Amino acid sequence: MTATPTRSAVTAPLTAHPLSLLTAEEVSTNREVVDAAGLLGPDTRFVYVGLLEAPKAELLAHADGDPFRRSVASILVDRASGTATSVVVDVTAGAVESTREIDALAEGQGPILDEEFEDIEQILLASEEWIAAMERRGIDPAMVRAVPLSAGNFGDPAEEGRRMCRVLAFLQLDEADLPWAHPIDGVCAYVDLTERTVFAVADNAMMDVPMERGEWNAEPHGAPTRTDLKPIEITQPEGPSFTVTDNLIEWANWRFRFTFDVREGLVLHQLGWKDEAAPGGVRPIVNRASIPEMVVPYGDPAPSRYWINYFDQGEYVFGRYTNSLELGCDCLGEITYIDAVIADERGEPRTLTNAICLHEEDYGVLWKHTDLFNGMAETRRQRRLVISFFLTIGNYDYGFYWYLYLDGTIELEAKATGIVFTSAYTGPDGFATEMAPGLGAPFHQHLFSARLDMAVDGHTNAVDEVDAVRVPVSDVNPHGNAFRQQHTRLRTELEARRQADNLASRTWLVTNPERSNRLGQAVGYALHPEGQPTLLADPSSVIARRGAFGTHHLWVSAHDDSHRWPAGEIVNQSPGTDGLERYVEQDRDIDGADIVLWHTFGLTHFPRPEDWPVMPVDYTGFKLKPVGFFDRNPALDVPAGTTPHCRGRK
Ligand code: CU
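Residues numbered from 1 in each chain as written. Predicted model: local features only at pLDDT ≥ 70, side-chain atom pairs only at ≥ 80, totals over all residues. Heavy atoms only, no water.

S.K.: Sorry, what's going on with the packing of aromatic side chains here?
M.R.: The geometry of an aromatic ring pair is captured by the separation of the ring centres together with the interplanar angle, meaning the angle of the planes. By the definition in use, this model includes 29 aromatic pairs. With a centroid separation of 6.2 Å and 85° between ring planes, the pair formed by Trp 402 and Phe 622 is classed as edge-to-face. Placement of the pair is Trp 402 in strand β18 (residues 396-405) and Phe 622 in strand β30 (residues 615-627), with a sequence separation of 220 residues. Residue classification places Phe 622 among the buried residues on the basis of a relative accessible area of 3%. When the ring of Phe 448 is compared with that of Phe 601, the centres are 5.2 Å apart and the planes differ by 15°; the resulting orientation is stacked. Taken together, the residues Phe 448 in strand β23 (residues 444-454) and Phe 601 in strand β29 (residues 595-605) connect sequence positions 153 residues apart. The residues Phe 448 and Phe 601 share a single accessibility class, namely buried. Geometry around Phe 199 places Arg 162 over its ring, the cationic atom sitting 3.8 Å from the centre. Above the plane of the ring of Tyr 403 lies Arg 384, whose end atom (NZ or CZ) is 3.6 Å from the centre. (Phe/Tyr/Trp six-rings, centres within 6.5 Å; stacked < 30°, edge-to-face > 60°. Helix = DSSP H or I, 4+ residues; strand = E, 2+ residues; numbered from the N terminus. Buried < 20%, exposed > 50% of the residue type's maximum accessible area, 1.4 Å probe, protein only. Lys NZ or Arg CZ within 6 Å of the ring centre and 35° of its normal.)

S.K.: I keep staring at the sheet that holds strand β20 (residues 423-424) and nothing clicks. Help me out?
M.R.: Strands in a sheet are paired, the pairing made by backbone hydrogen bonds, and the direction either parallel or antiparallel. The three strands are arranged β20-β22-β21 in an open sheet whose pairing can be described as antiparallel. Across the chains shown, the open sheet's two edge strands, defined by having one partner strand only, are β20 and β21 (432-436). For β20 and strand β22 (residues 439-442), the ladder comprises two bridges, and the chain directions are antiparallel. Each residue of the ladder has a partner; that of Ala 424, found in β22, is Leu 439. (Pairing = 2+ DSSP bridges.)

S.K.: Before we go on, may I ask you to explain a nonpolar patch on the surface in this structure?
M.R.: Nonpolar side chains collect at one region of the surface, where Ile 232, Ile 234 and Leu 332 lie side by side and expose about 290 Å² of accessible area between them. Here Ile 234 shows up in the loop between β8 (197-203) and β9 (243-245). (Patch = residues over 30% accessible without salt bridge, like charges linked within 9 Å, V, L, I, M, F, W, Y side chains within 5 Å. Areas by Shrake-Rupley, 256 points an atom, 1.4 Å probe, with all protein chains shown as cover. Salt bridge = Lys/Arg side-chain N within 4 Å of Asp/Glu carboxyl O.)

S.K.: Looking at this model, I keep getting lost on the coordination of the copper ion. Mind explaining?
M.R.: Metal coordination angles have textbook ideals: 109.5 degrees for a tetrahedral set of four donors and 90 or 180 degrees for an octahedral set of six. Binding of the copper ion to the protein goes through Tyr 396 (OH), His 444 (NE2), His 446 (NE2) and His 605 (ND1), at separations of 2.0 Å. One can describe the donor arrangement at the copper ion as irregular, given that its four donor atoms subtend angles of 99 to 138° at the metal. Counting along the primary sequence, the residues that act as donors to the copper ion give the motif Y-x47-H-x1-H-x158-H. In this pair, His 446 is assigned in strand β23 and His 605 in strand β29, connecting sequence segments 159 residues apart. In this structure, His 446 and His 605 share a single accessibility class: buried. (Donors = N, O, S within 2.8 Å, 3.2 Å for Na, K, Ca; no water. Tetrahedral: all angles 85-135°; square planar, octahedral: opposite > 155°, others 65-115°.)

S.K.: Is there a simple way to explain empty space enclosed by the protein in this structure?
M.R.: The method is simple in principle: a probe with the dimensions of a water molecule rolls over the atoms, and the space it marks as empty is what remains. Within this structure, the stated rule accounts for four cavities of 30 Å³ or more. If you add up the space inside the largest cavity, you get close to 80 Å³. Looking at the largest cavity, it is lined by 13 residues, and the ones nearest its centre are Leu 51, Glu 53, Thr 259, Phe 260 and Asp 261. Only β1 (44-52) and β11 (254-261) provide two or more residues apiece to the lining of the largest cavity. Broken down by element, the residue count for the lining of the largest cavity peaks at three residues, all from β11. Residue composition of the lining of the largest cavity, grouped by class: five nonpolar, three polar and five charged. (1 Å grid on protein atoms, 1.4 Å probe; cavity = no way out; pocket = protein on both sides within 12 Å on 5 of 7 lines; lining within 4 Å. Points joined across faces, edges and corners; volume = space filled by probe spheres on them. Nonpolar A, V, L, I, M, F, W, Y, C, P; charged D, E, K, R; others polar.)

S.K.: Where do I start with the sheet that holds strand β15 (residues 336-343) in this structure?
M.R.: With respect to topology, ten strands assemble into an open sheet ordered β15-β16-β17-β18-β19-β30-β27-β26-β24-β25, the strand pairing being antiparallel. In this open sheet, the two strands that pair with only one neighbour each are β15 and β25 (483-490). Within this sheet the neighbouring strands show an average axis-to-axis angle of 25°, counted without direction. Bridge count for strand β27 (residues 522-529) against β30 is six bridges, and the pairing is antiparallel. Bridging across to β30, His 528 finds its partner in Lys 623. Where helix α1 (residues 24-36) meets the sheet, its contacts fall on β15 and β16 (349-370), and the angle it forms with β15 comes to roughly 5°. (Axes fitted to C-alpha atoms, helices over the stretch in contact; angles between N-to-C directions. Contact = heavy atoms within 4.5 Å.)

S.K.: Explain the pairing of strand β26 (residues 507-516) here, please?
M.R.: In regular strands, side chains alternate between the two faces of the sheet. By the bridge criterion, five bridges tie strand β24 (residues 462-470) to β26 in an arrangement that is antiparallel. Within β26, the residue paired with Asp 464 across the bridge is Leu 509. Two strands pair when backbone bridges link them, and β26 and β27 are joined in this way by six bridges, in the antiparallel orientation. By the bridge assignment for β27, Ser 516 is matched with Ala 522. Between β26 and β27, which follow one another and run antiparallel, lie five residues, and Gly 520 among them has a positive phi close to 85°.

Have a look at this one:
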C-alpha cells in the first residue's frame, strides 16, 4: 500500500463504539476526503464503500470510554479507463490512509456498477452485429430486455484486461410481461464496459423463444385469490424481550453487536452468552460471523451459457439491493426495523430504510416431559431471536436469517426465492428442467460461504472432526451392537479442508482446550452441516479455481484480519488466485490457536415445475450447537408458559 496522507478540515462525529453502524456523516466525510485528495474525477464512481473494522486485537482491547478512530474503505472505478482503486480513509482524522490501484490482469476488475448495467440496452442497439442477430430471429430489437452478467475469466486473449460483461437477452411483449418467460437463447453479446461497445456476439444456435406468459396473475397461471385463510395476528402486548442500545442487542442470555456491510450483508460481532461468573459478564462464542461470499455456478455447457457463475457479494456488491421491509408483509408481529447506510455510486450517503428486521418468534416446544414415577409434567416453550435482511438481485431474491435460541443454538438460514434463470428447453438429455412449454431452467447450485471467527470461551480454540463409527465385533463387542464417536483433531490448515458425511453424522467440534465444564470436558460448540453437495463442476474447470471455497464444506484458517473474502478481495473477472486457497497455503498450525471456520453450504437446484412462475422459498443453512459448553441444559430457567393455565402445573 502507498500511504498518501492528506489532511482535511472535516472530522466525522464519533460513533458510540468502534463497531457502530456506518453513519451518513462518515460516508459524506469519506467522499470529501477522497475528493480533497484529488482522487475524484468526473468519471469516478464509488462501487463499494464500507466500514473498515479496526484490527481484531484493537476491538477486543477496547473498553467503554476509550478513544478510537474509524476508517472507511472504498473501491473506486473510473468509467473512462476502467481502472479500479482501493482507498482507505480515516474518517475520524479526515485523512487518506492508503490508496492502491487494482491490477486488472493479476487481480481482476472492480465490481460492476449499476450505471454500467443501465447503459447496456443502448450499447446493444448501437451494435450492427447484435441487431442482425435479433433480425435473423425475427425479433424487434426494441422489445429485447438485456440481462448483463458477470463475465468470469476464461483466459481468452481477446478479453484480457477488458472490463466487460456478457449479456443474455429476453423478449418483453408489453410492459406487464415478465421477460424471464421468453429467453432468446443461443446468442450472447460480449460488451466492453469502458469502450461501451459490443466487441463480440456469440451466435451459436437459433432456438424458439417460449411464448407462454410468466406473470403469476396471467393465463394459464392466474387463479382467483382464495378466501378461506383467516388472519393470523402475532401480538406481544408487553413488547419484545430484547433491547437495542446503539447496535448492541441483548436478549435472554445472548449479547452481540451487528453491522451491515454493503458487500457482506449482516455481520454479527462479539456474540456471547451472558454469565455473571465470566470475565466481563459474557462468555464469548463467535467473535464475528457473516456470509461474505456466495457463487451460483450453472451446469449448462451450451456455448452461450457455459460461463454463467455469479458471485453475488464479490462481483455485484449485493447489499445495495437490500429490500425495505414492510410490516405485515415481510415480517409478522412485534418487529423492530433498523436502517442501514450505504453509499450511492457518487459516494453520497444512501439510507436503506427498514433494511434489517429484528424480532422474536415462538418456536414450539423447547423441552417437555411427563414422568411415569414422580408425576412431574412440564413443558417449556422455545423461542428465538431473529435478525435478518432480504435482497433482490436480478431474477433471484435471497433472505439471510440469523437465529439465536434459548438452548444456546445459533442458526443461519438462507432463503432463496424469486424467478429461476431460464433458457430454451432442449429436451430430456439437456441440462435444464422444462418449466413451461419450451421453457427451460438450467441446473445450478447456490453455494454460500460462512466466515465464522470462533471464540469458544476465549480465543484459543481447536477443531475435531467427530464421526459416528461402527465398532467391529471383538472381545469388547461380541454381539456387534456397539458404536461410538470418533474424534479426529484437525491440526493444520491443509488438513482441515474437509467434506461433510451425513452417513457418519459428521460434525466439526470447536473446543477451547484451556476451559472445561464441571465434568472436566473441554467446552465446545459444534458446527452441524447440512451436507448437501459441494461444487459439482469438474476440478479442472475455471469455476473450481475462482470459486475454490465451494470445493470443501469446511476450511479452517489461523486468524488474520486481512483474510476476509472466500473468493478473494477482487472477484469480478478474477483469475482465481486470491481467497481461501491462498489463505491456507502456508498450512499453519490451528490446534490451539485463534481460528476462523469457513463453511460452504447451499442448494443444488434442479428446478421443479413448481418453481415456476415464481419459486416458493427454498432453505439452506447450518447450526452451531453447544457441546459441553454448559454444565447442563441451559434452558432450565425458562418459565413455564406465559398463559395462566400453564403456570405451576405439576
Ligand atoms: Cu436456484
